[in-house]
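# Structural overview for review
Here is what each chain is made of, one letter per residue.
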Amino acid sequence: MSMHAFTQELIGEHPSIHALRKLVARVATSKVNTVLIYGETGTGKGLVARMLHQQSARADKEFLDINCAAIPGDLLESELFGFERGAFTGAVGMKQGLIEAANGGTVFLDEIRELDPVMQAKILTLLDTQRFRRVGSVRPTSVDVRFIAATNKILLGEVKQGHFREDLYYRLQVIAINIPPLRERGDDIFILTERFMAKYNAVYASRMQRLDPEVEDIFRAYEWPGNVRELENLLERIC
């Protein structure tokens, strides 16, 4: 998880990327407080979340990036909501949670499908009321936060299988943003290749200029299951 300032862009000229940039700009400046981003692994869900924050009126506040799959369920509640002194063994003082620290800004819940049922219920209450309770507290704390969630799975399918709360799904689905996979973006792969070459040529003092035609054919035919992240990692290795 991280809280920091940044400037990033969505690179590409494919019509789907132009449409995505326009949608992000519209949603960012709206008053919508819940956004759900869909996309395969490596398509840039975190980048789109940061763009939504950076282009919003909340840009001068914190952007909090939380990977729901990376924090064990028994620790996630106290990390997000904080705790009161004596709430559990080792709680020697009150601790402010990450949600409270991001007040006025944006909270990005990546891989939200990985939340356990108890945390799904608590996140639903938070989204509905913009209020939460620190662990061990009886009094709610109010916040003003935009919530962006992301998943690489079709959540409605997870709902039907009983893995995800239906009410939370519909609460998240106020605005849904779909990021196209790299294999559907045509020649964007070569625009990205040039950008990554320039980046890693500078890092490693290499002088790679372009791909051989045979390699371009391979790149164009490949499925890129890891999407843009896989392409960038490959270009770094080559450089």
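Residues numbered from 1 in each chain as written. Predicted model: local features only at pLDDT ≥ 70, side-chain atom pairs only at ≥ 80, totals over all residues. Heavy atoms only, no water.

### What to know about the overall build of the protein
Inclusion rule: Labels follow the DSSP assignment, with helices taken as runs of H or I lasting at least four residues and strands as runs of E lasting at least two, numbered in each case from the N terminus. Relative accessibility thresholds used throughout: buried, under 20% of the residue-type maximum; exposed, over 50%; partly exposed, between the two (1.4 Å probe, protein chains only). Note on contacts: a residue pair is in contact if any heavy atoms of the two residues lie within 4.5 Å. Values of accessible area rely on a 1.4 Å probe in the Shrake-Rupley scheme; residue burial ignores everything except the protein chains shown. Counted as positive: Lys and Arg. Counted as negative: Asp and Glu. His and the chain ends are not counted at all. The atom standing in for a charge is NZ when the residue is Lys, CZ when it is Arg, CG when it is Asp and CD when it is Glu.
Counting its secondary structure elements, the protein contains 10 helices and 10 strands. Across its three principal axes, the protein shows a C-alpha extent of roughly 65 × 40 × 35 Å. Residue burial in the protein is summarised as follows: out of 239 residues, 46% are buried. Taking contacts inside the protein between residues at least 6 apart in sequence as the whole, the part at least 24 apart equals 75%. For the protein, the exposed area adds up to about 12,400 Å²; of that, 51% sits on carbon and sulfur atoms. In the protein, 30 positive and 32 negative side-chain charges are present, and the distance between their average locations comes to 7 Å.

### Here's the deal with the pattern of salt bridges
We apply this condition: Salt bridges are defined as contacts in which a side-chain nitrogen from Lys or Arg sits within 4 Å of a carboxyl oxygen from Asp or Glu.
All chains considered together, the criterion is met by 17 salt bridges. Two residues, Glu 158 and Arg 113, come together in a salt bridge whose shortest N-O distance is 2.2 Å. Here the residue Glu 158 occupies a position in helix H6 (residues 155-160), and Arg 113 occupies one in the loop between strand E6 (106-110) and helix H5 (117-129), the gap between them amounting to 45 residues. In this pair, the class of Glu 158 matches that of Arg 113, namely buried.

### Some thoughts on unusual backbone geometry
Residue Ala 205 is not a glycine yet carries a positive backbone phi of 55°. Tracing the chain through its elements places Ala 205 in the loop between helix H8 (188-204) and helix H9 (213-221). Look at Ala 205 and you get exposed, because its relative accessible area is 68%.

### Some details on the nonpolar core
Just so we agree on the cut-off: Among buried residues, those of type Ala, Val, Leu, Ile, Met, Phe, Trp, Tyr and Cys that are joined through side-chain atoms within 4.5 Å constitute a nonpolar core.
Counting 32 residues, the largest nonpolar core has Ile 99, Val 107, Ile 123 and Leu 172 as the members making the most contacts within it. The biggest single contributor to this core is H5, with 5 residues. Setting aside residues up to four positions removed in sequence, Val 107 forms contacts with Leu 64, Ile 66, Ile 99, Ala 102, Val 145, Arg 146, Phe 147 and Ile 148. Ranked by size, the runner-up nonpolar core spans 19 residues in total, among them Val 27, Met 51, Phe 63 and Ile 177.

### Digging into the packing of aromatic side chains
Here is the rule we go by: Ring pairs shown here join Phe, Tyr and Trp side chains whose ring centres sit within 6.5 Å, with only the six-membered ring taken for Trp; geometry is labelled stacked below 30 degrees between planes, edge-to-face above 60, and tilted in between.
According to the stated counting rule, one finds 6 aromatic pairs in the structure shown. Measuring from ring centre to ring centre gives 5.4 Å for Phe 81 and Phe 132, while their planes differ by 20°; the resulting arrangement is stacked. Of this pair, Phe 81 sits in helix H3 (residues 73-81) while Phe 132 sits in strand E7 (residues 131-133), and the two are 51 residues apart along the sequence. The pair formed by Phe 81 and Phe 132 is uniform in burial state, with each residue classed as buried. With a centroid separation of 4.7 Å and an interplanar angle of 80°, the aromatic rings of Tyr 222 and Trp 224 are classed as edge-to-face. Look at Tyr 222 and you get partly exposed, because its relative accessible area is 36%.

### So, a nonpolar patch on the surface
Put simply, the rule reads: Patch membership needs two things, relative accessible area over 30% and no salt bridge, and members are linked within 9 Å if like-charged or within 5 Å if nonpolar (Val, Leu, Ile, Met, Phe, Trp, Tyr).
Together, Ile 154, Leu 156 and Tyr 170 make up an exposed nonpolar region whose accessible area comes to about 320 Å². Within the element layout of this structure, Ile 154 appears in the loop between strand E9 (146-151) and H6. Look at Ile 154 and you get exposed, because its relative accessible area is 62%.

### A closer look at the pairing of strand E3 (residues 63-67)
For the record, the criterion: Two strands make a pair as long as DSSP finds a minimum of two bridges between them.
The buried fraction of E3 is high, at 4 of 5 residues. Pairing between E3 and E6: 5 bridges, direction parallel. Bridged to Leu 64 within E6 is Val 107.

### Here we look at the confidence of the model for the protein
Let me state the cut-off plainly: pLDDT measures the predictor's confidence residue by residue and takes values from 0 up to 100.
Confidence along the protein averages 90 in pLDDT terms, with 93% of residues attaining 70 or more. Throughout residues 1-7 the model reports pLDDT below 50, and contacts reaching past four residues in sequence, or to other chains, amount to 20 contacts.

### A short note on the packing of H8 against helix H10 (residues 227-238)
Note the threshold: Lines fitted to C-alpha atoms define the axes, with helix axes restricted to the stretch in contact, and inter-axis angles between N-to-C directions lie between 0 and 180 degrees. Working rule for angles: under 35 degrees goes down as roughly parallel, over 145 as roughly antiparallel, 65 to 115 as roughly perpendicular, anything else as oblique. Should the near helix be turned anticlockwise from the far one by less than a right angle, the crossing is termed left-handed; should it be turned clockwise, right-handed. The nonpolar class holds Ala, Val, Leu, Ile, Met, Phe, Trp, Tyr, Cys and Pro. Asp, Glu, Lys and Arg form the charged class, and all remaining residues, Gly among them, are polar.
Direction vectors running N to C along H8 and H10 enclose 40°, while the axes themselves pass 9 Å from each other. With respect to H10, the element H8 is oriented oblique. Pair H8 / H10 crosses with right-handed handedness. For the pair H8 and H10, the contacting residues are Ile 189, Leu 192, Thr 193, Phe 196, Met 197, Lys 199, Tyr 200 and Tyr 204 in the first and Val 228, Leu 231, Glu 232, Leu 235 and Glu 236 in the second. Split into classes, the residues belonging to the contact of H8 with H10 amount to 9 nonpolar, 1 polar and 3 charged.

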